[in-house]
Each structure stands twice: as structure tokens, then as C-alpha cells.
Amino acid sequence: KSLSSVAREAAISLPDDSPVLQMFKVAAQKLNDRQDRHERLVKLSRDITIESKRIIFLLHSAITIESAEIKINEANERLQKLIQGPIKSIGLELENSPAYLHSRAVTAGFQEFIEARTFCSFLEKKLLISWSEVQKELEYVMEEKSVTTMLTQSDYMLGLADLTGELMRKAINSISSGDSNDCFESCQAVKDLYTGYLGLFSIDRELSRKMSTTRNNVFKVESAVYALKVRGGEAPPTLLLAAQPDWERNNHSDDEGFF
Amino acid sequence: KSLSSVAREAAISLPDDSPVLQMFKVAAQKLNDRQDRHERLVKLSRDITIESKRIIFLLHSAITIESAEIKINEANERLQKLIQGPIKSIGLELENSPAYLHSRAVTAGFQEFIEARTFCSFLEKKLLISWSEVQKELEYVMEEKSVTTMLTQSDYMLGLADLTGELMRKAINSISSGDSNDCFESCQAVKDLYTGYLGLFSIDRELSRKMSTTRNNVFKVESAVYALKVRGGEAPPTLLLAAQPDWERNNHSDDEGFF
Amino acid sequence: MSSRDIINTIFGDFQKSLDEEQEIREKIRNICKDVDQVSREITTVLQVIHHDESAISAACLTARELFEKANIGYSKLKEVVPSGDYYKYHDHWRYMTQRYCYLISLTIWLEKGILATHETVASVLGISAEELKNGFHLDIDDYLVGLLNLCTELSRLAVNSVTRGDYNKPLQISKFVMELNAGFRLLNLKNDHLRKRFDALKYDVKKIEEVVYDLSIRGLLPKTETA
Amino acid sequence: MSSRDIINTIFGDFQKSLDEEQEIREKIRNICKDVDQVSREITTVLQVIHHDESAISAACLTARELFEKANIGYSKLKEVVPSGDYYKYHDHWRYMTQRYCYLISLTIWLEKGILATHETVASVLGISAEELKNGFHLDIDDYLVGLLNLCTELSRLAVNSVTRGDYNKPLQISKFVMELNAGFRLLNLKNDHLRKRFDALKYDVKKIEEVVYDLSIRGLLPKTETA
Amino acid sequence: MSSRDIINTIFGDFQKSLDEEQEIREKIRNICKDVDQVSREITTVLQVIHHDESAISAACLTARELFEKANIGYSKLKEVVPSGDYYKYHDHWRYMTQRYCYLISLTIWLEKGILATHETVASVLGISAEELKNGFHLDIDDYLVGLLNLCTELSRLAVNSVTRGDYNKPLQISKFVMELNAGFRLLNLKNDHLRKRFDALKYDVKKIEEVVYDLSIRGLLPKTETA
Amino acid sequence: MSSRDIINTIFGDFQKSLDEEQEIREKIRNICKDVDQVSREITTVLQVIHHDESAISAACLTARELFEKANIGYSKLKEVVPSGDYYKYHDHWRYMTQRYCYLISLTIWLEKGILATHETVASVLGISAEELKNGFHLDIDDYLVGLLNLCTELSRLAVNSVTRGDYNKPLQISKFVMELNAGFRLLNLKNDHLRKRFDALKYDVKKIEEVVYDLSIRGLLPKTETA
Amino acid sequence: MSSRDIINTIFGDFQKSLDEEQEIREKIRNICKDVDQVSREITTVLQVIHHDESAISAACLTARELFEKANIGYSKLKEVVPSGDYYKYHDHWRYMTQRYCYLISLTIWLEKGILATHETVASVLGISAEELKNGFHLDIDDYLVGLLNLCTELSRLAVNSVTRGDYNKPLQISKFVMELNAGFRLLNLKNDHLRKRFDALKYDVKKIEEVVYDLSIRGLLPKTETA
Amino acid sequence: MSSRDIINTIFGDFQKSLDEEQEIREKIRNICKDVDQVSREITTVLQVIHHDESAISAACLTARELFEKANIGYSKLKEVVPSGDYYKYHDHWRYMTQRYCYLISLTIWLEKGILATHETVASVLGISAEELKNGFHLDIDDYLVGLLNLCTELSRLAVNSVTRGDYNKPLQISKFVMELNAGFRLLNLKNDHLRKRFDALKYDVKKIEEVVYDLSIRGLLPKTETA
Ligand SMILES: [Mn+2]
Ligand SMILES: [Mn+2]
């Protein structure tokens, strides 16, 4: 007698079907459903990320004030398409599932969307759009039912942290498009956001990690206003902004995230 | 005069359209095309990865020899669906593009596919399918044209390295399904593959990194045959295999890759 | 509202929600600490199965009593965790719940020799087995990890039963674990904790086979059965 | 064939292809080493523009001669790199090609004050501008990085021109770089080297603006132009 | 007593001692949480110095009031931490204490333009400056890290002061930071966190020097001083 | 005094205090180097237990002599470490002390088959077992880690005893380790190094159980005992 | 000479010296590439020991022939590496030399069952064993790492020998590795790579001990020996 | 001799050789600690050049005196480091030697405005400039890194000179650094630390050019010179 002959007997005696195997078949189905759903969400999230990035580029592409308005309108349209497209799909996908189970699948897309959405509203109205306002935009009333895509406040705050990078770019670009007022406003917004983050308590690791980028953005934007004043002979209205002084020149990566 | 007023004059004097801007618009289109293609490829690759993983699980699920045959047939069908589906799509996507430009987008899927494909052929015929044979399977003759999906030899070898993990699992599972012959064959294949990798020269970092996993798989599978002999009272036909001795018990992660 | 006011509101709101979250976490932590402690007690109580056959049923009874305590703890958790936020705080009780799944399924196996289903385990803990959008339930991954821990414990039990002179139990264990093994092989797992844990199952199966083999060659297997 | 024979064949074939690849890489490395050295020479030659206006056209001529050498080098590369494997070996010449794009576009700007197109730069190097499935071409990313390096060098030139007493060039540079800046803003970049390089463009633009401003408030701008 | 009883006694005692430690840590954590929160409030309050000159003295007053709160927190800490165990629990308050050192020295600099000594900072927190027998004190390393953080904040202030049109402050900052820099140079630091932090001071110094340079070359430096 | 003089004084004082710390660390390092070397010697001496039963008592005697040496080393440490700074420098001797706890408890187990208590181990090293006001003592955590290392060594000894033909020792080891295991189960450990180390104890337990199993199924267990 | 000429001369000289170094490195790299490739061949050849007892002596013969090749390679290395620069370029051959130490000591153990001394290994490679004035030698660290790798391979061989039914070899391996283990224990290693590698030896030892245990308890140990 | 005795002899010899190496390293470390401390002193002494023109020559004198001390330290190093082992221990003094190269070349530039050659720097340290057979020498790489550090310090000096009202020094610095820059361009560096360091030189060059620009556009350049 060998081990394998003994083992074979046990293997053969196994029932082809049994309540236990039945139970595992059900479990297999549940696990597969989860995986499939996760995968669909990851794909939607990637789509949102890419389009949001492109919207941000679009908003930066304006050189003059007139062209800016056109770009903002286009950006708003494309944001609407995102809201009515992939973001709505996420809401439908998670209609009957615990949303936090898949939060890692969608966070990248949501963060980038927030960056684009808040950037656009800032350029349009010089004001930031709040989380609850964004969340309201993600409520969908359909014939038979209504669904809300949950975008967590935490994703919103993470996206807002990245916004400081875009505002910093905007501020510095404003100088060379000759708009020192824009520059001032963006600078002040970056500073205020930074102050806001400084005061937060018991934040999680991801947000803490973004602090050092935000901090660098503050330095860059303050240097810009500084240069406008001292090298550009321009007095701040109450405050203004301008160029990268040399102590900043070694650090050229202004962006965050993957994509 | 201020810096911004000076700058504004320069900005306004910019032509709305010019050969330079025209050139950049063309460049923008090219870059977008690349990005879009890359994104489509990533999605196809993810699909391939998941389905390949599932095929591998399917092949492991057989307990008896009879059920094994059924599973192998199903696996072969599903592999064919992959070949005629997403893998073909990759070939079409890259029909007119330099394939290596996007190799990072598809490598994960290809490696997992190779793992599934070679595992299936080993279970079916006790033989490995070679790179050129697999590559031949990815030639598509259509009405108007014929297209080949390029799967690099390097991706093939990376997938083959992962195969040692599946063979090791198979070997150990074979013992408890009472098939000591299967166990022997899988063990010998793992050893031969390991010897093959040991002899390779000037391999890249990714393959080197897989060596330590492969090495562990050899240890595990050799321990299994050892146990079959010394604890299972079974003499190897020419060679045989059986259980994880205790010196292995702390290291339970047998898998590689992400998914 | 000025831009600065809006920013202040945004951060104020966020801080408020952070504070609330912290408070919830604190509550969860405190509940879990107690419930976890109970699980350690049960683990200790059930250790007796490895060296004293006769004490098993008493141990099961004690375990059952302690499950009641755990049940109360889980009902507190249910109250504290906001509906819909189950997976936000999952990490707090994940590991502990896996241990309960193991302990409950072990107890039930000792009592009746059968597999405790997902629903059964959940009901012992007093929570739902179904994964809904809202509500507190027993995650399927946690249930499955619990079963894998059960298999490991049973392989140890097979060894110790023989030492104790009980040549019957290994065979019973063998059949039970083999069926579970067949079941697990039907699952498609991704590369997470569950997968790692599953990868070790084959070694438990092996060990049990070896014990059965050892009994078999020595003619120590109970007669009615032919393993 | 036995399973072992097949495995041996698989590894033998792979080793052969590894050896071939190594050989190709060795050849590429040797060619690139020479071509790269030429690029450093050109860089040095063109340094003169920062402190000697009168030597510029001579420097351009020398650069042109050296581009011929580079052209020959690239034609060797084209021969050595298997058709279709351009991006497999891209890293070997990526950085060097970016430098050539910068050097060629700088030379052409110095000669004629215009932007060297992708096609022009590619033709100076004797390679294709189009990205086909097969063949050796000038990658668009590399071309664009070259242009960004050009902008950085021009911002430095604006500064040094003023030191030299040439108040005309900064304005010319300003217009040129502003247009490039507008062009770059039309692109959607992903988070790669090109994006990082682009992020620094705004500082070059800034610097140039400051120089023009400095000239402007001192009335040093050439009269025919109103910046 | 049986050997099992002995073990029970031994381990029972351990549990008591482990529990005591846990309890102390819990108390420390709770106190630190509150004190840390106050430090964040102060940080936020003092941010105003970067955009509103006129609000500075009010901010200092608020900071002073909040330091009182912190002082109370530290006195609680002193009570809770057993004599002799300062370094056992140091990590709980290390980072927070460094922030207080920075905040206090910044406030004092804003108020009087002088360096807050080790003793001064310690007394604001209500703790000892000297590492007496087992007492709760202000670790020198933490104090020094606080000073280095102060320098970074001052370099930022130098930039923002200029933007506000205050050309005097950069000079004041320059003098202060240069002296601190000279002081740090006297230290023979080992290769630890403090050394790395000090190595970064040169960037602050350079930034401040360039601000003063910008003012100087444009004749914007206040007359009475020649840097 | 000028502000520069003040800074010089302040920083001069710091240097003094930094130097003192450096000096203490240097002394500690030197003492620990020697004491650590002794621990390696003892480890080597005690290796003999795995292949020569008869040499065990001689090995214990040698170990005892070497513990004397260690004792002297620890008394030097006590002198050097300032009262209240035990935890400031703990890392220097933590790992080494854990090894001593293991070696001493192993020796005592070999000599008398009993568990060395915290007090006993501490007294062999000539230090206090209690964490008194600021004194140099034997940290409980280090003692417990030492016991866990002892279990690992005993599981190896169980294996090698059988090879040597000694079928009695595994049973003795089994009883001892099971009791220790039960003792550890009483502890409510937090999630730290000790907890992780304890979690690994189950592998030692399993190994020992399997050795006893192997003896049992072959009828090699000493008769008087029933495991 | 103008200051520019001086700089040209100085830097021209540097270039010469940099070029020389580059050339030496290139030569070393090329030699090492070949010698390394031979080592991989030998590694592959010796793999046969794990599944074919009868092929071992033939494998040793082949290995010996290939060592001759390596010997020639090392003699080339000796020529190329300037006296005194051994450690400047050590990294080029360090890892490869460790592999040779392992391969040579494995071959000699297979042939004669004895330990290849430092001198023997060095002489097979045709280099000096002593670190003479500036010569090319076999670094002790590399030799020792080679021995540790040998132990790992032998522990694998012990397992595979048993599978093959050879119950004698594990005992031989056990004796050999235990002696090596005792030897290593004599060393007072500093906290470097070698120490870490040695710390892993205990896993090999344990593995071998368990193999011998498995044989022993099943009465499979050859009679003449009692381990 | 038994095989165990042989191993004891072999490993005993190893221990001797390991001990010797440890001892040498200890000596080197101690010497380097002192010499490094001197280098920090010199750095501090030379800081005065940034804010006090008149103190420069006195600072140079002090630096010279301290170089004598360093010279003595290096002569001790030469004695301690065995011939042929220069590169074995290079890392111990590499970073410190680079700092000396920077300090010496800065001093000489301040004294005479010329570049300190490799030989000069080496002779100040009392070591050979050439990499002779096994001798202790000044590695070229270290010398060159020192020069690059010099350029960074000079760019800072250019800024601070202007603040001090010295409009002459920036021009002198500009000429000197441009020549060095041209010299470095002649080198064909491989992709190592030196290359990276050189790549950063462009930032210093740019800074200096901008200082000269600032002077130029304001008509502050000394008349006799045209940059
Ligand atoms: Mn962004
Ligand atoms: Mn796999």
C-alpha cells in the first residue's frame, strides 16, 4: 500500500455533488460577480481619469481672456458628458452593492474628476464648488428610479489637494498672458487651501502624503507673486504674483498621480 | 509700465492660427491617438489576465482523472475564445503601429495567457507548447488581410516561469488525488524548467526577479516527492513526489503577479 | 460668499466629518477589543480537544456560551457602524471575524461533524449573511478564510488524535477536509489574503493523508470504513 | 520529443535570441557612443552664442558639418536595429536624440529664426518623421522634448544677449517662445518625462518676459517693434 | 503549586504589567491628541503673517492664549508619564513637541525679534529644559529641530514680505537666520535626523540671500542698513 | 552680550550635551560588543545538546561560567547608563538581552527541567527584574521573547533527540512547551513584535506534536507516560 | 599659457586618465562576461546530481574541464587589473567569484566528500588565496559566501537523495554541514552581508536535521552509523 | 587531524584576518572623524566671505592653518591603510576628501584667483596626485567633484558680493566658472555620480549669468571689462 493508493480511495469516495459543493458553487458565483464588477469599475475609473486630465489641459490652453471663455464652456460640456456617462454608470453599477467595497477601484477617477470640476468652476466663477454641490450633481433621476453616485468626501479632498497644482500653474501662466489679477486670485486660493489643510486633524495617510506637494505649490506660487512685485515693478492690488526664482529650479515635477 | 502689461502686449500679438500652432495641433492628435490606443490595449490586457487566471483555476479544480478531461476540454475552448477575442483585437489594434511602443500595456495579459496556455497543454499532452507554436496560433487569416498578434519571446518566458508555480500546485494536489505519476511528471518538469532558467545568460531584470519564486517552487515540489517516498512508502517509478515538510511552512504565498 | 469663506466652509465641514469618523472608529475599536478578547478565550477553551477527548463536549458548551457574548458585541457593532459604511471600517473587525468563523465552524464540526454554512455562522454572530448595499453582514471572504483556518486546525487534530489513541477521527477529518478542498478548488480567487491562505490548504490535506496512510499500513483504520 | 527535450529546445532557442539581442545592443551602444560624443561637441561649439554674437554663423556652419556626421551615425543605427524593434531599443538613443532635436532646432533658429519642424529635424538626421509599424524614425516625444530644451537655452540666450548689449534678440526670442508655449498648451500630456519637462516651460517664458520688461522700462527696446 | 499553576501565576503577573503599560499609553495618546490639535490651531492662526502684516500682533496674542492650553496639556503629560520612562514614550510627543518649539520660537520672534532660548520655550510649555533625573523635559534635539523649522518658515516670510512691499523684514530675517546658521555650524552632529534637517537649512539661507540680493540691486533696501 | 555671542553660548552648551551623549553611546557600544560576543560563545557551547546527550551537563557548567562574565558586563552597563535613560539607549542591548534570556532559560531547563522565572533570569544577569524608578532592569518583553526563542530551540531538540534514540525528551519538551503556550494565551498582547513572535509559536508546537505523533504511532513512547 | 589653455591641458589629462579607466572596465566586463557564462554552464551541468546518482561523477569531470576555462579567464583578469586596484573593480567579479567558490567546493565534496580549503579553491581558479601586496586574490568573504551557498545546495541534495532511495548521503551531508556550521559559529562577524547569509544557514541545518529524523524514526538509517 | 580540527584551524585563521580588517576600519574611522571635524571648522571659517569682504584674507590664513592639521590627519591615514587596499576603504574618506578639494580650491581662488590643480590640492593634503602603485592618493573623481562644489559656492558668492556692493567679483567669478564649465565639457563622462553632479553645474552657470545680467542692464558693470 502506498500513500497515493490510500489517497485515491478517499478521492473517489467524494460525492460528485453534495450540499457542500453546492455551497461552494454559490460562493464561486458571488466572488466572480464581485471581481467582474470591480473590473468594470476600474475601467470606468480609467476613462474618467483620462478625460478629466484632458479637460484640465483644455482649461490651461487658453492664452487670452476671450479664448478662456470658450474653453470653459467646452470644459463644462465635457464635464457634463462625464457626469452623464461613466460617472452615472458607476452609480448604476453600485446601485445595490456596498460602495466602499469598491472604493479603491474608483478613487483615482473620482479624484481627477474633482480636480477638473473644481478647476473649471474656479476659472468660471472664481469660486470653488463644494463637495455637497458636486455630490448633488451626481444625483440621477430616471423614469423608474433615482440613483446617486457616491463620491466620498475624502476623494473630494484628495482631488482638491491636487487642484493646488493646477492653480499654481494657472497663476504662473497668467503672468505671461499679462493677467496679474488672475495670478493674484489663484495665488490666494492656493494659500487659503494650504492653510485649510494645515488645520486638518486626524487625516489619513494618503492626504498627508499630498501635503508636501501642496506645500511646494504654495512656495512656487508665492515666488511667482514675489517676482511680479520685485522684478515686475508691479504693486499688488491687495496682493499679486510671477516667476520661478532660482531656488526652485531643481524641482520641475509639478504633477501628482499616475495616469 | 508693469511686467504684466508688457506681457499682455506680447500675448495679444500672437496669431490665432499659424504654421506653428498647426504643427502642434497635428502633434496633439498623434499623442491622443497613442494614448487612446494604449488605453484600449490596457483594457484588453486586463481582460486576458482575468480570464487566463480563471482558466488556470478551472484546470486545478479537477479532482479525478475523468473530470480532468472535461475541464481540459473546457479550458481549451475558453483559450480559443481568448485567442479569437481580445488577443486578436490586440493584433488588429497594433496592425499599423510599432508593437514594442505598447509592450508594457499588454505584457501582463500575455504572460498570464502563456501560463494558462502552457499549463493546459502540459495537462493535456504532458508536453509544453513552444513559443513559436503559440505564436503560430496567433496568426489570423481574414478575408481581406492576415494579421499576427506579436507575443514576444520574453513574455513567453516570463509566463513559463510562472507556470512552475502552477505545476508545483498541481504536483502536490496530485498526491491527495492519489495520482503519484502525475506528481512525478510535474515535479520533473519544474526541475527541468528551473535547470533551464539557471543556464540562461544575460536575462533582464524582470526574469531574474522571477527566479527566486521559481527556486522556491522547486524546493516545494521536491519536498513533496520526498514526502511521498519517505512518508508515503512509495518508490519513485524513476522518480516521484508528496507533502510540504515543515521547513517550508512559513512561506505560504505560492503566487506571483497582481490581478 | 467670498472664495475664502467657501474654503473655510469646505474645510470646516470636512473636519466635522473627520471628527465623526474618528469617534465612530474609537467606538468600534473599543467594542472590537472586547469581542476579540472573547475570541481568544474561546480559542484557549477549544485547545483542550488536542489532548482530552472527553472534555470536548464541555468545551463546545463553553464556546457556545461565549458565542452569545460575541453575538452581543456584534449587535453593538451593527449599531455603531453607519448603514452603508460596512467596508469603510471593515479592517477593524476583519481579522477577528475570520477567527470567529473558524471557531464557530470548529465547534459545529465537533458537535455534529458537519460544515457550518455561511448563513449558520452569520446567525451565530447575529448578523446577516447577505451582502447588501447597506447593513452589517458576514463578508464571504472572511467566512472562507475561517474555513481554511478550520482545515489547518483539523489537520493538527488528526495528528493529536492518533497520539491520544483515537484512530477514528483522522478518517472523519480526512473525508470532511477532502470535500472542503474540492469545494475551494471551484473558486476563482484573486491574489489577496484569501488566495494566500488557500495556497496552504494543500499542505493540510497532505498532512491528513499521511496520517490516514500511517494508520492504514498499520491496520489501525476502523473496520467499517475502507478509506 | 520528450518533455525534457522540448524544454531544452525552448531554452536553447531563447538563449539564441538573447545572444542576438545582446549583440545588437552592443552594436547600438558602440554607434550611440560615437554619435553622442558628436552631440557633445556640437553643444560645446554652440556655447559661443552666449558670449560672441559675431561667432554665431560660424558656429552654425560647424554644427551643420557635425550634423552630417550624426546623420551617418543614424544611418548605421537604422541598419543595425531590426525593422519593427525601434521601441525595443529606444532607450539607447532616446536621450541623445532629444539632444539632437534641441541642437538642430537651435541651429535652424539661429540661421533663420524659424521653428524646425518634426520633418525637418528628422531629415537632418536622415531618418523618417513618420511612426510606422516598421522602420527607424524620429519619435514625436523626443522631438518635443528637444523643443523644450531649445526654449530653456533661448531663455538663457535672452539674458546673455542683453549682457552683450544686444537688445534686439530678447524680443525675437520672446515672440518665438510665446508661440511655442501656446502650441505646447494644446497637447494632452501624460505623466511622463515630457510632461515634467513641459512643466518647466512656464519658468523659461517667465524669465524671457522679465528680460523684455527690463528692456521696456529702460526704453531699450528697438523702435520698430512694440512688444 | 503545580507547574501549570506556576505558569499561570507568572503570566498573570505579566498581564498586569502589560495592562498598566497599555493604560499609560492610552492616557498619553489621549492627552497628546488634544495638545496636538491645539498646535494645529496655532499653526493655522499664524498663517496670517504671510498675507496680512496688520494681523500679526493679534495672531501672536491668540497663539499665546493657545500656548496656555498646551501648557496645561503638558502638565497632564508630566503627571501621567512615570518618572524614568520619558524615553520609553518619547515617540508619542516628539513630533508634536518639535512643532511647539517652532511655533513658540516663531511667536517670540514676531513679538520681539529675538531667539527664544531652550529655557524660554520649555517654560512656555511648563516643562523643564534640563534633562534632570527622570523628569519630563524638553529634549534638546526637539528644540533644535523646531528652530530649523522656524528658519524655513522665515524664509517663506521673507518672500511674502517683499510681495507686501515690506522691504525691511527680509533684512531682519537675513540677519537672524545667518546667526542661527552660524550657531548650528558649531555643532558636531552625528549622522541622524537632526543632521539631515540641518543640511537642508542651506536652501533657506540661499533663498533669503537671493531675496536680499533682489532688493539690493534694485535699490530697495532700507537706507540705514547695509547688509 | 551681542546676539551673536548669545547664540555662541547657547550652541556651545548644546555641543557639550551632545558630546556627553555621544560618549555614553560609545561606552555602551563597547560594553555591548563584548557581552554580545560572550552570548555567541554560549550559543556555540550549547549547540552540543543536539548531538551529544552526555555532554549536556558539562555544557551547562560552561554556560554558567560564561553567564558570570555577562553578569560583569551588565554591571558595567548599569554604571554607564544614566538613571532615567534606560529606554533612551534600550536598543543597544535589547536584542542581546533577548538572546541571554533564551540562553539562561535553556540552561536552566536543561539543568532542572523547569521554567526560569523573570526574577531568576534577571538575577543571573545581575539586574533587577522590576522596572523600578529609573533603574536598569530586565524588560518583560525581552524576557518573553527569550522564552519564545527557547521554544523554537526545544522543538529542534525534540527532533534531534529522536534521531539520537532518546524517545523520552520529546514528551518532556511537549509538556513544557504546551504549558508555556497556554501561559502565553493568557496574555492580551497588543499588535507588536512580541505578538508576531508569539504567533509563530504555533509552528513549534505543531512540530513537537508531530514528533510525539511519530513516536506514538510506532509505539515508541515511554510507557509510563500518556501524552 | 592663458588660463583657458591651462584648463584645457588639465582637463585633457583627466580625459586620458578617465579613458584608461573606462578601457580597463570594458576589458574586465568582457572577461567577466565569458567567465560568468562558464559558471552558468557548470551550474547547469551539476543540476544532474538532484535526479541522477549515476551521472554525478561524469558531471564532476565536465565541471573540472570547465574550471580550466574559468582558470584561464581569471588569469586574463589578473593581467588586466592593475596592481593595487583589486578593490576598485572588485564588484565586477565579486558575485561571480562567490558562485565559483560554491561550484568548486560542491565538486570537491562530490568527488571526495571533503571541504575545499580557501587555498584549494583559489588554486583551482589559479589565483592567490592570500591578500598579498596588491595581488589579485580570492577574497575570504567571497570564499565563505560560497561555502554557505554550498550548504544550501547540500540541504536540497539531502532531500533529493532520499527520494532516490539513497539513505546514506543525508547522513554524510548532515555531518559535513554541522561541522561547517560549528566553524562559522567561531567567527565574530560584523553586521554585513556575510552575517545575514550565515544567519540563514540555520534553515539549511534544520532541513537536514529533519531529513535525518525522518530516516531515523523509520529505521532507514544505514546501520554502521548512528548520527 | 580530525576533520573538525581542520575546520577549527581554517576558521580560526579567518577570524584573525577578519579581526585585522575590523581593527583597520576602526582606526580609519577614528582618524576620519577628526579630519572631518577639521573640515567642518574650515567651512565655518570660510562662511565669512559671504558677508565681509575685509575678513577674507584672514579667513584664508586660518583655513591654511587648519589644512596643516588635515595634512597630518591624511598622513596618519596613509600609514594605516595597507598598500593596495586604498579602494577597499575608499568610502570612509571619499565624501570628506571631496569637501577638502572644495575648501582648498576655494581658498586658493580667494587668495590668487586661480584654479588649484589636482597636484596642488593633493600636495596641500600631503598625498600623491597620481594613482601610483598602491599608494594613497587623491582620486581624480573626488578632485573634480570638489571643483563642482566650488562652482556652487562661487555662484552664491556672486549673489552676496552684489548685496555687499562689490560689482567686480561677479565678473571675475563668471569668467572663472565659464572656463571650468568649458573644461568639464571636454570630458566624456560615464553615467555616474560625477556626471550627475556636472549636469547640475548649469544651474550655477545660469545663476551667475543672471547676476551679471542684472549688473549689466543697470550699468553697474565695471567699465574696463566687457563680459
Ligand atoms: Mn493635476
Ligand atoms: Mn500563476
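This is a predicted model, so every value here is computed, not measured.

## Details of the overall build of chain A
Across its full length, chain A holds nine helices and two strands. Along the chain direction, N to C, the helices and strands of chain A fall in the order α-α-α-α-α-α-β-β-α-α-α. What you see for chain A is a C-alpha radius of gyration of 25 Å, clearly larger than the 18 Å of a compact globule of 259 residues, by over 25%. Principal-axis analysis of the C-alpha atoms gives chain A an extent of 95 × 50 × 30 Å. For chain A, buried positions account for 67% of its 259 residues. With an accessible surface of roughly 9400 Å², chain A has 51% of that area assigned to carbon and sulfur atoms. Positive and negative side-chain charges of chain A, numbering 32 and 38 respectively, have mean locations separated by a distance of 5 Å.

## A short note on the state of the cysteines
Tallying each qualifying case throughout the model produces zero disulfides over all chains. Cysteine C187 of chain B is unpaired, with the sulfur of C183 of chain B as its nearest cysteine sulfur at 6.7 Å. The cysteine C101 of chain F is free of any disulfide, with C151 of chain F supplying the nearest cysteine sulfur at 13 Å. Classification of C101 of chain F by relative accessible area gives buried; the value is 0%.

## Things to note about the confidence of the model for chain C
The pLDDT averaged across chain C works out to 94; a share of 98% of its residues lies at or above 70. Interface confidence for the predicted complex, expressed as ipTM, amounts to 0.94; the pTM equals 0.94.

## Observations concerning the arrangement of the chains
Separated in space, chain D and chain F share no contact, their closest pair of C-alpha atoms being 37 Å apart. Separating chain B from chain H is a minimum C-alpha gap of 16 Å, and the two share no contact.

## Description of the interface of chain A and chain C
With 54 residues of chain A at the contact, the number on the chain C side is 51 residues. Counting each side, the surface lost to burial between chain A and chain C is near 4400 Å², with a carbon and sulfur contribution of 67%. As a salt-bridge pair, D141 of chain C and R34 of chain A come within 3.7 Å of each other at their nearest N and O atoms. Where chain A packs against chain C, one counts 10 residue pairs in polar contact (both at pLDDT 80 or more). When residues of the side of chain A that touches chain C are traced back to their parent elements, those giving at least two are α1 (3-12), α2 (19-60), α7 (153-176) and α8 (180-199) of chain A. The element that contributes the greatest number of residues to the side of chain A that touches chain C is α2 of chain A, accounting for 13 residues. Taken together, the residues of the side of chain A that touches chain C sort by class into 31 nonpolar, 14 polar and nine charged.

## Focus: empty space enclosed by the protein
This model, assessed by the stated rule, comprises 14 cavities of 30 Å³ or more. Taken as a whole, the largest cavity holds about 190 Å³ of empty space. What lines the largest cavity is a set of 17 residues, and nearest its centre among them are F57, H60 and R169 of chain A together with F198 and D199 of chain D. Looking at the lining of the largest cavity, the element that brings in the most residues is α2 of chain A, giving four residues. Here the lining of the largest cavity is composed, by residue class, of four nonpolar, three polar and 10 charged.

## Quick notes on the pattern of salt bridges
The full count for this structure, using the stated rule, is 147 salt bridges over all chains. Between R78 of chain B and E74 of chain B there is a salt bridge, and its shortest N-O distance comes to 3.3 Å. Remark: E74 of chain B and R78 of chain B occur in helix α3 (residues 65-84); sequence separation between them is four residues, near one turn of the helix. Here E74 of chain B falls in the partly exposed class, since its relative accessible area comes to 33%. Each of R231 of chain A, K207 and E210 of chain D, D214 and R218 of chain E together with K206 and E210 of chain H takes part in one network of salt bridges that share partners.

## Digging into the UniProt feature "binding site: Mg(2+)" (unreviewed entry) in chain C
All names here are of chain C. Feature annotation in UniProt assigns "binding site: Mg(2+)" (unreviewed entry) to the following positions: E153. Within the secondary structure, E153 sits in helix α5 (residues 140-164). Leave out the neighbours within four places in its chain, and E153 touches Q47, H50, Y102 and L106.

## A few points about the packing of helix α5 (residues 103-125) of chain A against α7 of chain A
Residues and elements named next belong to chain A. Put simply, α5 and α7 touch, their axes get as near as 8 Å, and they point 50° apart. Looking at the two axes, α5 sits oblique to α7. Note that α5 runs across α7; the crossing there is right-handed. Within the contact between the two elements, α5 uses T107, F110, Q111, I114, E115, T118, F119, F122 and L123 and α7 uses D155, Y156, L158, G159, L160, D162, L163, E166, L167 and K170. Residue composition of the contact of α5 with α7, grouped by class: 10 nonpolar, four polar and five charged.

Definitions and cut-offs
- Residues numbered from 1 in each chain as written.
- Chains lettered and ligands numbered in written order.
- Predicted model: local features only at pLDDT ≥ 70, side-chain atom pairs only at ≥ 80, totals over all residues.
- Heavy atoms only, no water.
- Helix = DSSP H or I, 4+ residues; strand = E, 2+ residues; numbered from the N terminus.
- Rg over C-alpha atoms; globule rule 2.2 N^0.38 Å.
- Buried < 20%, exposed > 50% of the residue type's maximum accessible area, 1.4 Å probe, protein only.
- Areas by Shrake-Rupley, 256 points an atom, 1.4 Å probe, with all protein chains shown as cover.
- Lys, Arg positive; Asp, Glu negative; His and termini not counted.
- Charge placed at Lys NZ, Arg CZ, Asp CG, Glu CD.
- Disulfide = S-S within 2.5 Å.
- pLDDT = per-residue confidence, 0-100.
- Contact = heavy atoms within 4.5 Å.
- Buried area = accessible area lost by both parts, 1.4 Å probe.
- Salt bridge = Lys/Arg side-chain N within 4 Å of Asp/Glu carboxyl O.
- Polar contact = N/O pair within 3.5 Å; in protein donor to acceptor, adjacent residues only side chain to side chain.
- Nonpolar A, V, L, I, M, F, W, Y, C, P; charged D, E, K, R; others polar.
- 1 Å grid on protein atoms, 1.4 Å probe; cavity = no way out; pocket = protein on both sides within 12 Å on 5 of 7 lines; lining within 4 Å.
- Points joined across faces, edges and corners; volume = space filled by probe spheres on them.
- UniProt positions renumbered as here; feature names shortened; annotations may be inferred.
- Axes fitted to C-alpha atoms, helices over the stretch in contact; angles between N-to-C directions.
- Parallel < 35°, antiparallel > 145°, perpendicular 65-115°, else oblique.
- Left-handed = near helix turned anticlockwise from the far one by under 90°.

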